[in-house]
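# A look at the structure
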Amino acid sequence: MPNTGGRHFLQIPGPTNVPDRILRALSQPTLDHRGPEFARLAREVLEGLKLLFKTSGTIVIYPSSGTGAWEAALVNTLSPGDKILMFETGHFATLWRNVAVRFGLEVDFILGDWRHGVDPAVVETTLCEDKNHAIKAVAVVHNETSTGVVSRIAEVRKAMDRAGHPALLMVDTVSSLGLTDYRQDEWGVDVTVCGSQKGMMLPPGLGFNAVSEKALKASSSARMPRSYWDWQAMITANQTGFFPYTPSTNLLFGLREALQMIQEEGMDNVIARHNRFGEAARRAVRTWGLEVNCLNPQECSNAVTAVRVPEGHDADALRKKILEKFNLSLGNGLGKLQGKVFRIGHMGDFNDLMLAGTLSGVEMGLALAGVPFKKGGVQSAIDYLAGNE
Ligand SMILES: Cc1ncc(COP(=O)(O)O)c(C=O)c1O
């Protein structure tokens, strides 16, 4: 790869750019995870996370990726053979389904087109038909990172309430927490799953479950085997500021800094900043004459924009060209969307000029790769950004 100079543009939809402040926090000397300083750190981050998840419930932090947190949500609340309602909104929803299947859960997987979020009406009818309440949980991916589509969690909750169904609601917020509106308690979510490497601006390596009282109660009778992921062991140890096994000490330094940064900016401002990025990116795509993968304007992600390339063109060849020429990494199409889309990540530690630079790289790359497009996408984006402070 030629040396292009300057910094690499890491515009995949996570892991995202880690701000220098957090890198410095991570580089502190590792501390004794059984000592008093660590206990203070653990208590501080466990408390701070409640503000981020908007919950008064229990937070569990694992030294894991998001996939571990998926598994934890399932094994702590369910028993072998239990029925769970899941939705094929994209690649990550499919992977979570696969975890559930491997654990012997009976998954009712509602098929989708990878261009829409969960339809609350389908949630309602499916639950209404489940007269014996065989379905024990409804699991939804909030921001489908593979498709750039957001599912409307508050509406899913309302649909569950209209059906009068007691299933738990589990939500994957791996690529939405810390950048999109999310309210665990108000929306009646029972288990929120998250990871550190997207809106939290941290490197990968922390997995989270935010747990409601109802989910905790379910865990006391759930029969799925569990050890490493056991909430109870965590909760008991966390009460004194410790963990049942070695925690990711340095990542927790970074987490404390990240929570501080989000608090300083203000969550509403963080959300507004991402809304601008989403809108500006979509304007660029439309001007290029390309198609945003998300079909419902109400559901477009402000964290990631998945862009469809015209039939007969290969999104991966385009990404390769852009990486080689401009040192810019874009997300690839996953699963069914492989080669069909490229994904622009615009979340986390990100600003207007980073977006302008990223979109410039895409526009130049489209020309170099011979993908048919109309010029002016970057101009549309910067006109929007300049006109909307
Ligand atoms: C929405 C979503 N859920 C789950 C995951 C899986 O997380 P991990 O790769 O950290 O295990 C990802 C990863 O990108 C994701 O985007």
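Please refer to the structure placed before this passage.
Residues numbered from 1 in each chain as written. Predicted model: local features only at pLDDT ≥ 70, side-chain atom pairs only at ≥ 80, totals over all residues. Heavy atoms only, no water.

Quick look at the overall build of the protein now. Within the protein, the regular secondary structure consists of 13 helices and 14 strands. Against the globule reference of 21 Å for 389 residues, the protein gives a C-alpha radius of gyration of 21 Å, in line with a compact fold. With respect to the three principal axes, the spread of C-alpha positions in the protein is 60 × 55 × 35 Å. Pairs at least 24 residues apart make up 73% of the contacts formed inside the protein by residues separated by at least 6 positions. As displayed, the protein offers around 15,900 Å² of accessible surface, 52% of which is attributable to carbon and sulfur atoms. Charge separation in the protein, taken as the distance between the mean sites of 40 positive and 41 negative side-chain charges, equals 3 Å. (Helix = DSSP H or I, 4+ residues; strand = E, 2+ residues; numbered from the N terminus. Rg over C-alpha atoms; globule rule 2.2 N^0.38 Å. Contact = heavy atoms within 4.5 Å. Areas by Shrake-Rupley, 256 points an atom, 1.4 Å probe, with all protein chains shown as cover. Lys, Arg positive; Asp, Glu negative; His and termini not counted. Charge placed at Lys NZ, Arg CZ, Asp CG, Glu CD.)

Taken together, seven strands build an open sheet; the order of strands is β2-β10-β9-β8-β5-β3-β4 and the sheet is mixed. Each edge of the open sheet carries a strand with a single partner, namely β2 (58-62) and β4 (106-110). Between one strand and the next, the sheet's axes are offset by a mean angle of 20°, whatever the strand orientation. Pairing of strand β3 (residues 83-87) with β4 involves five bridges; the strand directions are parallel. Residue pairing for β4: Phe-87 is matched across the bridge by Ile-110. (Pairing = 2+ DSSP bridges. Axes fitted to C-alpha atoms, helices over the stretch in contact; angles between N-to-C directions.)

We now examine the environment of Gly-205. By the element assignment, Gly-205 lies in the loop between β9 (191-195) and β10 (207-211). A C-alpha to C-alpha distance of 22 Å links Gly-205 and Lys-54, two positions 151 residues apart in sequence. Beyond its immediate stretch of four places on either side in the chain, Gly-205 contacts Tyr-62, Pro-63, Ser-64, Ser-196, Ser-248 and Leu-251.

Let us look at the pattern of salt bridges. Scanning the model with the defined rule gives 21 salt bridges in all. For Glu-88, the salt bridge identified is with Lys-336, shortest N-O distance 2.6 Å. Placement of the pair is Glu-88 in the loop between β3 and α4 (91-102) and Lys-336 in the loop between β13 (328-332) and β14 (341-345), with a sequence separation of 248 residues. The closest approach of N and O atoms between Arg-319 and Asp-316, which form a salt bridge, is 3.3 Å. Of the two residues, Arg-319 and Asp-316 are both situated in helix α11 (residues 315-326); the distance of three residues between them amounts to about one turn of the helix. On the basis of relative accessible area, Arg-319 is assigned to the partly exposed category, the value being 21%. (Salt bridge = Lys/Arg side-chain N within 4 Å of Asp/Glu carboxyl O. Buried < 20%, exposed > 50% of the residue type's maximum accessible area, 1.4 Å probe, protein only.)

Next up on the list: the nonpolar core. If you look at the biggest cluster of nonpolar residues, it comprises 88 residues, and the most contacted ones within it are Leu-49, Ile-61, Met-170 and Leu-255. Sequence-distant contacts of Leu-49, defined by excluding residues within four places in its chain, comprise Ile-59, Ile-61, Met-200, Phe-208, Leu-255 and Leu-259. Val-149, Val-309, Phe-342 and Val-362 belong to the second largest nonpolar core, which has 29 residues in total. (Core = buried A, V, L, I, M, F, W, Y, C linked by side-chain atoms within 4.5 Å.)

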